[in-house]
Amino acid sequence: MPQFKPGRYFHGVLKNLLQSLPCFWDPDDVAICTIHGNSRNYSGDFARRYAWPHLQIAQLRRHTPAGYRVYAYGNRLMDEHAAYLADCPEVSYVSGNEIPNGQWEHVWPLRNWLAKKAMERHRYIVHLDSDAFPVKSDWLKRYITQLSWRCPVVAVQRRENGDTHSDRSFLLYLRTAFRKHAFDFSNVGVVDAGADISAYLEKLGLAWKPLLRSNAFDYHPLIAGIYDDRIYHHAAGSRQPHFRINRERWDDEAFFERENYIHRVLMQRLFDHTELFLQELRGLKEPIDLDPLLVKRADEIIR
């Protein structure tokens, strides 16, 4: 019969108690869930030129303490991007090609699946859109320490898009909160995936921490947003820039052509001059003049 060792027992109890408090967190307990895919508007040479998996992983490495694990799902993902993710040592990569019925038009079921997989080993679950990433190195500590039973979620809120709900571009919660509240990324009955999470909490009288757009300078009111000066979200990174707030103008060809030009120019600037571009948005560097001629010329180069 093994000998009972009080010192080791109470050390374990104390460790578990401390780990249950957000102020005592370990990067090894952090899972970052993300879904990458290609579409008719984000494929071929264009997707190779502007590779969201590469940029997202680079920014995570730059601004996140080592120990975290990325759970990346490839939903109709091109071979080059899939191979890159599979080769990253901090990434657990899952290909939808290798799973029965593993490819989806709307990816919210994949978010739920990834979250459950990540929670098998991790206590803090971060969801990031494929075109989102941190821009300051205190982001993880700042948001983990804001979690509590009363406020179990920290998430982007895109008021500039007319939204009042939690946005899945960046959303963080505790494993215990997921198990207690059964958070669901379903878009059934809500305007967008992730919206039901904040609606559910508000219905219970609980809080969630919204991260608001904090750009000191905007090239566009919806594209290239920084939230709480820490989380970048490009918006529509792998699709056409159709936004809910402009729904009545989706059939306006001239308006959409201009939106598409600007979207591609800002994408080009982000990838070619990442830190400079982020500093421009944060008001730390002088922005460029984004006049119509520049937009058109840049679009022709990108094409």
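You'll find the structure just up there.
Notes on the structure in this doc start here. Just so we're clear, the structure is a prediction, and the values are computed from it rather than from any experiment.

**Section: empty space enclosed by the protein**
Working step 1: Summed over the entire model, instances satisfying the criterion amount to two cavities of 30 Å³ or more.
Working step 2: Its volume calculated, the largest cavity comes out at about 40 Å³.
Working step 3: Here the lining of the largest cavity is built from residues that sort into five nonpolar, two polar and two charged.
Working step 4: Considering the residues around the second largest cavity, the lining is formed by H36, G37, Y42, W52, P53, L77, H81, S130 and S238.

**A word on the sheet that holds strand β9 (residues 225-227)**
Working step 1: Reading across the sheet, the three strands line up as β5-β10-β9 and stay open at both edges, with antiparallel pairing between neighbours. Each edge of the open sheet carries a strand with a single partner, namely β5 (132-134) and β9. Taken pair by pair, the neighbouring strands of this sheet meet at an average axis angle of 25°, ignoring direction.
Working step 2: Bridge count between β5 and strand β10 (residues 231-233): three bridges; the pairing is antiparallel. Bridge pairing in β10 places A132 opposite H233.

**Digging into the pattern of salt bridges**
Working step 1: Scanning the model with the defined rule gives 16 salt bridges in all.
Working step 2: The salt bridge involving D272 is made with R49; its shortest N-O contact spans 2.9 Å. Within this pair, whereas D272 is found in helix α9 (residues 253-272), its partner R49 is found in helix α2 (residues 44-49), the two being separated by 223 residues in sequence.
Working step 3: For D229, the salt bridge identified is with R282, shortest N-O distance 2.9 Å. Note that D229 is positioned in the loop between β9 and β10 and R282 in the loop between α10 (274-281) and α11 (292-302), a separation of 53 residues in sequence.
Working step 4: Taking the relative accessible area as the measure of exposure, R282 reaches 24% and is therefore partly exposed.
Working step 5: Salt bridges sharing common partners tie together D138, R142, D228 and R230.

**Here we look at helix α4 (residues 79-87)**
Working step 1: By the burial criterion, the buried members of α4 are H81, A82 and L85. All buried residues of α4 lie within an arc of 100° about the axis, which places them on one face of the element. For α4, the exposed residues lying more than 90 degrees away from the buried face are D79 and D87.
Working step 2: On the buried face of α4, the contacting elements are β1 (30-37), α2, α3 (52-63), β2 (69-75) and β3 (91-95).

**Topic: the packing of aromatic side chains**
Working step 1: Overall, the coordinates contain 13 aromatic pairs when judged by the stated rule.
Working step 2: Ring centres 6.3 Å apart and planes at 85° place the aromatic pair Y42 and F46 in the edge-to-face group.
Working step 3: Owing to a relative accessible area of 2%, Y42 belongs among the buried residues under this scheme.
Working step 4: On the accessibility criterion, F46 (17% relative accessible area) is buried.

**Looking at the pairing of β2**
Working step 1: Within β2, six of the seven residues are buried, which leaves the element mostly enclosed by the surrounding structure.
Working step 2: Where β1 lies against β2, seven bridges are found, and the strand directions are parallel. Along β2, the bridge assignment pairs I35 with Y73.
Working step 3: Sheet analysis places β2 next to β3, joined by five bridges and oriented parallel. Bridged to G74 within β3 is S95.

**Some thoughts on the environment of L114**
Working step 1: Within the secondary structure, L114 is located in helix α5 (residues 108-118).
Working step 2: On the accessibility criterion, L114 (1% relative accessible area) is buried.
Working step 3: Residues L114 and I32, spaced 82 residues apart in sequence, show a C-alpha to C-alpha distance of 9.5 Å.
Working step 4: Beyond its immediate chain neighbours, meaning those up to four positions away, L114 contacts C33, T34, I35, Y71 and Y73.

**Considerations on the environment of G237**
Working step 1: With respect to the element layout, G237 can be found in the loop between β10 and α9.
Working step 2: Placed 105 residues apart in sequence, G237 and A132 show a C-alpha to C-alpha distance of 8.9 Å.
Working step 3: Non-local contacts of G237, meaning those with residues more than four positions away in its chain, are made with Y42, W52, D131, H263 and M267.

**Examining unusual backbone geometry**
Working step 1: Here D228, not a glycine, exhibits a phi torsion of approximately 55°, which is positive.
Working step 2: Topologically, D228 is positioned in the loop between β9 and β10.
Working step 3: Here A235, not a glycine, exhibits a phi torsion of approximately 85°, which is positive.
Working step 4: Secondary-structure assignment places A235 in the loop between β10 and α9.

Cut-off values and rules
Residues numbered from 1 in each chain as written. Predicted model: local features only at pLDDT ≥ 70, side-chain atom pairs only at ≥ 80, totals over all residues. Heavy atoms only, no water. 1 Å grid on protein atoms, 1.4 Å probe; cavity = no way out; pocket = protein on both sides within 12 Å on 5 of 7 lines; lining within 4 Å. Points joined across faces, edges and corners; volume = space filled by probe spheres on them. Nonpolar A, V, L, I, M, F, W, Y, C, P; charged D, E, K, R; others polar. Pairing = 2+ DSSP bridges. Helix = DSSP H or I, 4+ residues; strand = E, 2+ residues; numbered from the N terminus. Axes fitted to C-alpha atoms, helices over the stretch in contact; angles between N-to-C directions. Salt bridge = Lys/Arg side-chain N within 4 Å of Asp/Glu carboxyl O. Buried < 20%, exposed > 50% of the residue type's maximum accessible area, 1.4 Å probe, protein only. Arc of directions from axis to C-beta. Contact = heavy atoms within 4.5 Å. Phe/Tyr/Trp six-rings, centres within 6.5 Å; stacked < 30°, edge-to-face > 60°.

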